[in-house]
Amino acid sequence: MSTIVRRGYSNAVSSIPRIVDLVDVCIVGGGPAGLATAIKFKQMDKEQKYRVVVLEKSADFGNHIVSGCVVDPRALKELLPEESLPCKDLLTPVTKDDFKLLLNDKWAVPVPIPFDLQNKGKNYVCSLSQLTKWLSEQAETLGVELYPGVAVSDVILDKEKKSVLGVATKDLGLNREGKPREDRFEKGLQFHARQTILSEGCRGSLSKQLIKHFKLYQGTDKKFEGQTYGLGIKEIWKVDPDKFKPGFTSHTMGYPLNYETYGGGFQYHFGDNLVTVGLVIGLGYQNPYISPYQEFQKMKHHPYYANVLKGGKCIGYGARALNEGGLQSIPSKMTFPGGILVGYTVGYMNVPKIKGSHTAMKSGMIAGEEIFTSLENGNCKTMESLMNETETEGIELDSTNVNEFLKENDKDSTPIELTQYRQRIKDSWIWDELYKVRNVRPAFNSKLGMYGGMMYSGLDTMILKGRVPWTFPHHTKDGKHISDGAITQPATNFKKIEYPKPDGVISFDIMTSLSRTGTYHDHDEPCHLRISSDQDLTKHSNKAFKKYDGVESRYCPAGVYEYTPEGKFKINAQNCIHCKTCDIKDPTGDT
C-alpha cells in the first residue's frame, strides 16, 4: 500500500481511483534543470531502454519562465558538445557592460564593474523562455516524453513513508469547494517511477514537503541552515530602435532602495529591439511598508531607465522568488530513497553573477548521469517491460491495484538513493563557483551595510576570490538562522511609505501588469493558496493586521492579497503568478 501526501479535496474526489503509468524516470518541472536531466540521461540511454517523462504545469515549455536574462553558456556547451554554440540563433552576445550607483532620483555615477558582472565576450542575452522551449525540443528528439499542461499535486510515498514511489497529477474540473463539476471532471494520474526528480524551481511545494519529511537539512551547520531569498520583478519592453543597443547589459544599485535594503536594478538589450528591465530585492528587509512592486515602478522613472523606455511599449511582466543563500544554504542532502532535488529547487544561484541557469543545468546533468548509472547497475526490470506484462495479463493499473501488481512482478527491486550525488556536486565547477562568492551576498546583511558590502564584495571577487578562512552567515540570532519572514518588524517601528501613482506610460498599476503575465486561473477552481492549516482568514487577520498593517498586500507583486476597507482579509487566488513570495515573506508563517 502507498501513501499519498495530498492536499484538501472532498471525499467524493479522493475516493476515485487514479490510472497509473509506470516510468523509469519522472521529472517534475520542465525548466532548464529538469530538461538538462532528461537530455543527459537519454544521451546515455543509447538503446532506448528507459522511459523518461517530464511533467510541466504550463501550457507549453517555457511559458512560465520570465524572459530576458544573461546566460553563461558553459553548461549548454557541455550538454551539447557537438555544437560550438547551441541555439546560437536565440543568443545575443554581450557587447558592453555598465554599472551605475543611483544616488537619488536624478543622478547616476559610474562605479567599477564587479568581475562577476563582466559579461562582454563571455556571456549572452536571451529569452530564457525561448531557450527552455528549445531545450524541450532537443529532449523530445532524444525520446523524452513531454507532458505540458500537467500540474503535479501530490507525492506518493511507500507504506512506511520511507521512500518516494512517484507523484500524482492534479485533478481537473473541480469547483471552488473541491467537488467535481458535471461533464468537466477528470481524475489526475499517478506516475510510479524508479527515480522521481523534483525540478520545481525556487520554493516548490512538493520539494518543501520532502525536505521536511526526509530532514534534508539535518546535519547542516545550524547557523547556516535555511535559505534566504530575493524577489526578481521584470518587464519586457519593445523600445525605440534609436535607443536599442544590441547586447548591452547594465546593473545598478542604490535608488530607489534605502541603505538597509539589499537589491539592485538591471536592463538587458536583446533580440529585436527588446529590453528586459527589472529589480531584484532581497526579501530579508525589515520594514513591512516596503512594496517591491512599487519600488520597481519607481526605479523606472530614474532617467537612467526612463530615457530607454520612453516611446517604447511594455509587452510582458513577471516576478519570481530567487534562492540567494548560495553555498551556505545548500542542504546536507539532496537525495532520498526514490528521488532527488535538482536546480533552483536546491539553490545553486550565483548571486554576484545574477545567474543560475548554468549551475541549475549542470546539477541536472550530473543527476542524469547518476540516475542512468544506478539503473544500469541495478537489479530491476525496466518499467516498459512491466507495462508490457500488464497488457499481456489484461490488467489496467490504477491506484487500487498497482502496489499488489508491483509486489508480485517487481519484487526484486528496492528504492534507489543516489548517495554519491552530493559528492559529485562538490567535485564539480558548481561548488567551486559558489565557494568563491559565498561571502558576497551575506556581506550586505552585516554592519557594513550597502556601501560597505559593495566594497567588500569588490575586494572579494576581484582579489580574494573566496580564499579567506571565514564564511559569513545570513540572518542569524543567537547562532540560529532567521527566516526572511521572521525578520520583518512591526509596522509601528516605521513610517508608512507613500509611493507615487503610476503614470500608465513608464509605470503601471498591478492589474495592468498582471494582464501581461499570461497567467490564467478559473475563478471557480479550488484555491491553491493556503492560510495556516485551517484556512481561517479571520484568525490570520487578527494575528497579522494590527502588527504588520497589511504587509501581505505589499510584498505580493500580483495583488493576490488585500484587506477590504472594513479590515477583512481577502485572497484573490486568480491573480497568482506563482512567484512564491508569500510563502517566504509572510511574518506569521500562515501563507
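Just so you know, the residues in each chain are numbered from 1, in the order the chain's sequence is written. Totals for whole chains, interfaces and linings use every residue, but because this is a predicted model, local features are given only for residues with pLDDT of at least 70 and side-chain atom pairs only at 80 or more, for both listing and counting. Derived side-chain values reflect all non-hydrogen atoms in the structure, with water molecules and hydrogen atoms excluded from consideration.

### Notes on unusual backbone geometry
Now for step 1: Across the junction of Tyr255 and Pro256, the peptide omega takes the value 5°, indicating a cis bond.
Now for step 2: Here a strand is any run of E in DSSP of at least two residues, a helix any run of H or I of at least four, and the numbering for each starts at the N terminus. Here Pro256 shows up in the loop between strand E14 (248-254) and strand E15 (263-270).
Now for step 3: The backbone of Cys87 sits at a positive phi, close to 45°, despite the residue not being glycine.
Now for step 4: Among the secondary structure elements, Cys87 is positioned in the loop between helix H3 (74-79) and strand E5 (92-93).
Now for step 5: Residues other than glycine seldom take positive phi values, yet Asp549 does so here, at roughly 55°.
Now for step 6: Here Asp549 is to be found in the loop between helix H16 (537-548) and helix H17 (552-555).
Now for step 7: Its relative accessible area of 22% is what places Asp549 among the partly exposed residues. Between buried and exposed lies partly exposed: a residue is buried under 20% and exposed over 50% of the maximum accessible area for its type, with that area taken using a 1.4 Å probe on protein chains only.

### Some thoughts on the packing of helix H2 (residues 32-44) against helix H4 (residues 128-141)
Any two packed helices are characterised by the angle at which their axes cross and by the distance between the axes.
Now for step 1: Note on geometry: axes are lines fitted to C-alpha atoms, helical ones only across the stretch in contact, with angles between N-to-C directions running from 0 to 180 degrees. Packing of H2 against H4 leaves a shortest axis separation of 9 Å and a crossing angle of 20°. Considering the angle they form, H2 stands roughly parallel to H4. For the pair H2 and H4, the crossing hand works out as left-handed. Touching Pro32, Leu35 and Ile39 of H2 are Leu128, Thr132, Leu135, Ser136, Gln138 and Ala139, all from H4.
Now for step 2: For the contact of H2 with H4, the class distribution of residues is six nonpolar, three polar and no charged. Should an angle lie under 35 degrees it is considered roughly parallel, over 145 roughly antiparallel, and from 65 to 115 roughly perpendicular; all remaining angles are considered oblique. Left-handed describes a crossing whose near helix is turned anticlockwise from the far helix by less than a right angle; the clockwise case is right-handed. Working rule for contacts: check all heavy atoms of both residues, and any pair within 4.5 Å makes them a contact. Ten residues, namely Ala, Val, Leu, Ile, Met, Phe, Trp, Tyr, Cys and Pro, are considered nonpolar, four, namely Asp, Glu, Lys and Arg, are considered charged, and the remaining ones, Gly among them, are considered polar.

### Describing the side chain of Ser513
Now for step 1: Mapped onto the secondary structure, Ser513 falls in helix H15 (residues 510-514).
Now for step 2: Within the local environment of Ser513, its side chain forms a polar contact with the side chain of Tyr293, the two groups lying 2.6 Å apart.
Now for step 3: Beyond its immediate chain neighbours, meaning those up to four positions away, Ser513 contacts Glu235, Tyr293, Gln297, Tyr317 and Phe508. Under the rule applied, a polar contact is a pair of N or O atoms within 3.5 Å (in protein, one hydrogen donor and one hydrogen acceptor; residues adjacent in sequence only if both atoms are side-chain atoms).

### With respect to empty space enclosed by the protein
Now for step 1: Lining residues are those with an atom within 4 Å of a point, where the points come from a 1 Å grid over the protein atoms alone and group into cavities, where a 1.4 Å probe fits but cannot get out, or pockets, open sets with protein on both sides within 12 Å along at least five of seven lines. Grid points are joined across faces, edges and corners, and a volume is the space filled by probe spheres set on the points. Under the counting rule described, the total for this entry stands at three cavities of 30 Å³ or more.
Now for step 2: The space that makes up the largest cavity amounts to roughly 70 Å³.
Now for step 3: Lining the largest cavity are 14 residues, with Gly325, Gly326, Val351, Val437 and Arg438 sitting closest to its centre.
Now for step 4: Counted by class, the lining of the largest cavity contains seven nonpolar, four polar and three charged residues.

### Overview of the sheet that holds E14
Now for step 1: Pairing within the open sheet is mixed, and its seven strands lie in the order E7-E6-E14-E15-E16-E13-E17. If you trace the sheet from one side to the other, it starts and ends with strand E7 (108-110) and strand E17 (313-323), each paired once. Taking each pair of neighbouring strands and ignoring which way they run, the sheet shows an average axis angle of 20°.
Now for step 2: Strands are treated as partners if at least two bridges between them are detected by DSSP. Pairing of strand E6 (residues 96-102) with E7, which is carried by three bridges, proceeds in the antiparallel orientation. Considered in E7, the bridge of Leu102 is made with Ala108.
Now for step 3: Contacts from helix H6 (residues 292-299) reach strand E13 (229-238), E15, strand E16 (274-282) and E17 within the one sheet, and its direction differs from that of E16 by about 135°.
Now for step 4: Sheet strands in contact with helix H14 (residues 449-464) are E6 and E14, and its direction is about 150° off that of E6.

### A closer look at the sheet that holds strand E4 (residues 69-71)
Now for step 1: The three strands lie next to each other as E4-E8-E5, forming an open sheet whose pairing is antiparallel. Sheet topology places E4 and E5 at the edges, where each strand pairs with a single neighbour.

### Digging into the layout of surface pockets
Now for step 1: Roughly 620 Å³ of volume is contained in the second largest pocket.
Now for step 2: Together, 25 residues line the second largest pocket, and Asp158, Leu165, Asn403, Leu406 and Lys407 are the ones closest to its centre.
Now for step 3: Mapped by element, the contributors of at least two residues to the lining of the second largest pocket are strand E11 (164-169), strand E12 (190-198) and helix H10 (402-409).
Now for step 4: If you tally residues by element for the lining of the second largest pocket, the top one is H10, at four residues.
Now for step 5: Residue composition of the lining of the second largest pocket, grouped by class: eight nonpolar, nine polar and eight charged.

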